[in-house]
Structures are given as C-alpha cells and as structure tokens.
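Single-letter residue listing:
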Amino acid sequence: MTLFDAVGFGALNVDKLFRVNRIAAAEQESFITGFEEACGGSAANTMVGLARLGCRVGFVGKVAGDREGNMLVEEFRREGVDTNGIVQAEHGRSGTVMGFVDEKGERALYIDPGVNDTIESRDISAAYALQARFLHLTSFVGRKSFEAQKKLLQVLPKEVKVSLDPGALYAGMGLNKLESTIERSFAVMPNAGELELLTGKADYQAGAKVLLKKGVSIVAVKLAGKGCYVTDGKESHHIEAFKVKVVDTTGAGDAFNAGFLYGLINGKSLRECGRIGNFVASRCVMKMGARAGLPHLKNLRLLS
Ligand SMILES: Nc1ncnc2c1ncn2[C@@H]1O[C@H](COP(=O)(O)OP(=O)(O)OP(=O)(O)O)[C@@H](O)[C@H]1O
Ligand SMILES: [Mg+2]
C-alpha cells in the first residue's frame, strides 16, 4: 500500500544568513548588520514543494533535540510533510549552514552537517520508505549517511521508484562510487555542471546518454536561465525557462525537482514534467529564499 506519493531522504539544515559589512579574513574583525534564518536542505525543500502541490509526502532524516531540530520538524508539520521518518538524536547539533554575505553580495558559507552525518541504517525504517511511490535522494557530506542511503536501496522493493538529485557533492564522487545508486535510480536530476562532473562529458546530451546506459529511465538536466533538457532515450526535449523577474535563485533546482516529480506522480508526459519543473522553479526564483515562492496547486492553473 502506498501511503506517500514521495518520501525525501537527505540532509536537514537550518540556514543562518548573516549580513556583514565585509567578510573577515583571518585575524580581522567585521560587523553583523542583519540576520535571517530559514529551514533548508535540498530534498526537504523539494518535499515542501510537493506538499504545496497537494501530494502526500514524508521524510527520512535526522535532527538533534535543539532549537534548530524543532524548527525543522515544526515547519514540516505546518507544510503538511509527515515527520514520522525523522529521528531525533540524543546528542549533537542539528545541521546548519552559516552564510556571511557582504554589501556586494559575495558570500562565505560554513556548513555544519551535525547529526546529518551520523545516520545509520538502524536510524531508518525501511518500512516507512517502502510506503512511497518515489524515494527522492539528495546528498550528505559524510560517508556514513551515504552508506545508509545505499543500504536502504538494497532492501527497497522495485515498486518504489528512486529519484536522485546528486548535487555537487555526490556528482563530485564520480560514476564509480555512485554507480549502485545511479543504477537503482528511475530519474536523475542534476544541473549541467554536476552532470559533467559525474560523467566527464562537457556536452549534457552526451552526459545524459551515459546515465541512460547505466539503466536510468529519465534524465532531467537543469540549465538555469535556459530551462531544462529532459530525455528518456526515446524522446528528448529542450524546454525554455519561464521569463520572470529573478529575485533570488536559492533552491531553484529543488523547486524544479518538486515540479518534475509532481508531473511523474500524476502520469504527465515527459515534456509536461519538464514544463511543470520549470514553472515551479520560476515561481521560486521570484521570491527570496528556497521555499517562500513555491506555488500551491491552484497556481498550477496559470500553466494551462
Ligand atoms: N533566471 C531564471 N529564469 C527563469 N527560470 C530559472 C532561472 N534560473 C533558474 N531557473 C529555473 O530553475 C531551474 C533550476 O535552476 P538551476 O539550473 O540553476 O538548478 P541548480 O543549479 O540545481 O539550482 P540550485 O542552486 O538550487 O541547486 C531551471 O531549470 C529553471 O527552470
Ligand atoms: Mg541543484
């Protein structure tokens, strides 16, 4: 029985963005002029996007018992993402990303994976994940959590389709290390740079072919302002991005994944999946942050 249209499995982070007069080098002092905090994590953003589109979604991940951990779980609850697959560690810190942005918009980022990197197979309920039609994987920094993802794939029944956004972290591991994960994936959704990192092919059409040869059914390549390229080996489409006023592209790729998966879940054609992906991403980039602009189901009417 499927309880969920999709379950996400990836890092959970609170993003802490500090505005500063300038980014301090070693032995220097700078001043903080503003502060914003937001829940993030790639798969987490994608699940929030799907929930807003009316899909039944859940999450597998780990937080600590700190304020950030509570924020992450509470925001999921508010958005309608099931949290029963999230474990709370007794010790340690929840994942955070600390960003320092200066007046020119240049950034320095410090990532604290915290308990994201301590996920073990015993933290994960395979029974939870196998209630999903799609399991959506995104990256962890640490080896242990990557191994836990691979172990889950080994016991996951074939009926559960896997979608993967490798991000720069997993793409940088190369095809060999990622092979078993790629081979089990139904859909892979990298951006063009990640696809090159992963396959060594500078041409994304050639890169997508490499993944199809590995047994992937669908590849969706994100091309930023140029939209996307989608292929299943039989049909291939370039789909133009929506022309919108861009405010902030944080989370654009995660939003695209939500729209694309929404299409797959609802049996749309490959071209339509790409178009919905572009649409959801276009709404995301019109607002600050990864989640604020994510559309609701009623907004999809703008598409037809
Ligand atoms: N300037 C833009 N105008 C319209 N749509 C855009 C623009 N930039 C990005 N998008 C949309 O967002 C999607 C994802 O963007 P991008 O290719 O930058 O992904 P990404 O690099 O994975 O993003 P992220 O930094 O979130 O991981 C694109 O496929 C496109 O649909
Ligand atoms: Mg991305």
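In what follows, the structure referred to is the one given above.
Here, residues in each chain are numbered from 1, in the same order as that chain's written sequence. Whichever chain is written first is A, and whichever ligand is written first is 1; the rest continue in order. Note on the predicted model: pLDDT of at least 70 is required for a residue's local features to be given, and 80 or more for side-chain atom pairs to be given and counted; whole-chain, interface and lining totals, by contrast, use all residues. With hydrogens and water excluded, all non-hydrogen atoms of the structure serve as input to the side-chain values.

Observations regarding the packing of aromatic side chains
Stacked, edge-to-face and tilted are the three classes for Phe, Tyr and Trp ring pairs, Trp counted by its six-membered ring, which pair at centre distances within 6.5 Å; planes under 30 degrees apart are stacked, over 60 edge-to-face, the rest tilted. One pass over the structure, following the stated rule, counts eleven aromatic pairs. Residues Phe4 and Tyr128 carry aromatic rings whose centres are separated by 5.1 Å and whose planes lie at 50° to one another, so their mutual orientation is tilted. Residue Phe4 is located in strand S1 (residues 4-9), and its partner Tyr128 is located in helix H3 (residues 126-129); the two are separated by 124 residues in the primary sequence. Burial classes follow relative accessibility: with a 1.4 Å probe on protein chains only, a residue under 20% of its type's maximum area counts as buried, one over 50% as exposed, and anything between as partly exposed. Classification of Phe4 as buried rests on a relative accessible area of 5%. The exposure class of Tyr128 is buried, given its relative accessible area of 8%. Measuring from ring centre to ring centre gives 5.5 Å for Tyr204 and Tyr229, while their planes differ by 55°; the resulting arrangement is tilted. Pair noted here: Tyr204 is in helix H8 (residues 204-213) and Tyr229 is in strand S13 (residues 228-231), with a separation of 25 residues, a long-range link. Clustering of aromatic rings is evident, with ring pairs tying together Phe18, Phe35, Phe100 and Tyr110. Any Lys NZ or Arg CZ found within 6 Å of a ring centre and within 35 degrees of that ring's normal is scored as a charge over the ring. In this arrangement the basic side chain of Lys161 is found over the ring face of Phe186, its NZ or CZ atom lying 4.7 Å from the centre. Labels follow the DSSP assignment, with helices taken as runs of H or I lasting at least four residues and strands as runs of E lasting at least two, numbered in each case from the N terminus.

Details of the site of ligand 1
For this purpose, a residue is taken to be near a molecule or strand whenever a single non-hydrogen atom of the residue falls within 4 Å of it. For ligand 1, the set of nearby residues contains 15 residues, the closest of which are Asn191, Ala224, Gly227, Gly253 and Asn278. Here Gly227 contributes a backbone N or O atom positioned 2.8 Å from an oxygen atom of ligand 1. Two N or O atoms count as a polar contact when they lie within 3.5 Å, although within protein this holds only if one can serve as hydrogen donor and the other as acceptor, and sequence-adjacent residues are included solely when both atoms are side-chain atoms. Between ligand 1 and Ala252 there is a distance of 3.1 Å, counted from an oxygen atom to a backbone nitrogen or oxygen. Accessible areas in this description were obtained via Shrake-Rupley with a 1.4 Å probe; residue shielding takes into account the shown protein chains only. The fraction of the free accessible surface of ligand 1 (630 Å²) that becomes covered by protein chains is 79%. Residue assignment for the shell around ligand 1 shows that the elements contributing at least two residues are helix H9 (252-265) and helix H10 (270-285). Looking at the shell around ligand 1 element by element, the count peaks at three residues for H9. Throughout, the ten residues Ala, Val, Leu, Ile, Met, Phe, Trp, Tyr, Cys and Pro are labelled nonpolar, Asp, Glu, Lys and Arg are labelled charged, and all others, Gly among them, are labelled polar. By residue class, the composition of the shell around ligand 1 is eight nonpolar, six polar and one charged.

Some details on the state of the cysteines
Cysteine sulfur pairs qualify as disulfides if the two atoms are within 2.5 Å. Tallied over the full model, the rule gives zero disulfides. Cys228 provides the cysteine sulfur closest to Cys273, a residue in no disulfide bond, and the two sulfurs are 9.9 Å apart.

Section: H10
For H10, which comprises 16 residues, the first-to-last C-alpha distance of 23 Å matches the rise-based estimate of 22 Å (1.5 Å per residue) to within 8%. Listed in full, the buried residues belonging to H10 are Leu270, Cys273, Gly274, Ile276, Gly277, Asn278, Phe279, Val280, Ala281, Ser282, Cys284 and Val285. Here the expected span of a helix is defined as 1.5 Å times the quantity of residues minus one.

Some thoughts on the pattern of salt bridges
The working definition used for a salt bridge is a side-chain nitrogen of Lys or Arg within 4 Å of a carboxyl oxygen of Asp or Glu. In total, this model carries 20 salt bridges according to the counting rule given. Salt-bridge contacts for Asp5 lead to Arg133; the nearest nitrogen and oxygen are separated by 3.8 Å. Of this pair, Asp5 sits in strand S1 while Arg133 sits in strand S9 (residues 132-137), and the two are 128 residues apart along the sequence. Ionic pairing is found between Glu120 and Arg122, a salt bridge with its closest N-O pair at 3.0 Å. It is possible to trace a salt-bridge network through shared partners that takes in Lys16, Glu37, Arg67 and Glu68.

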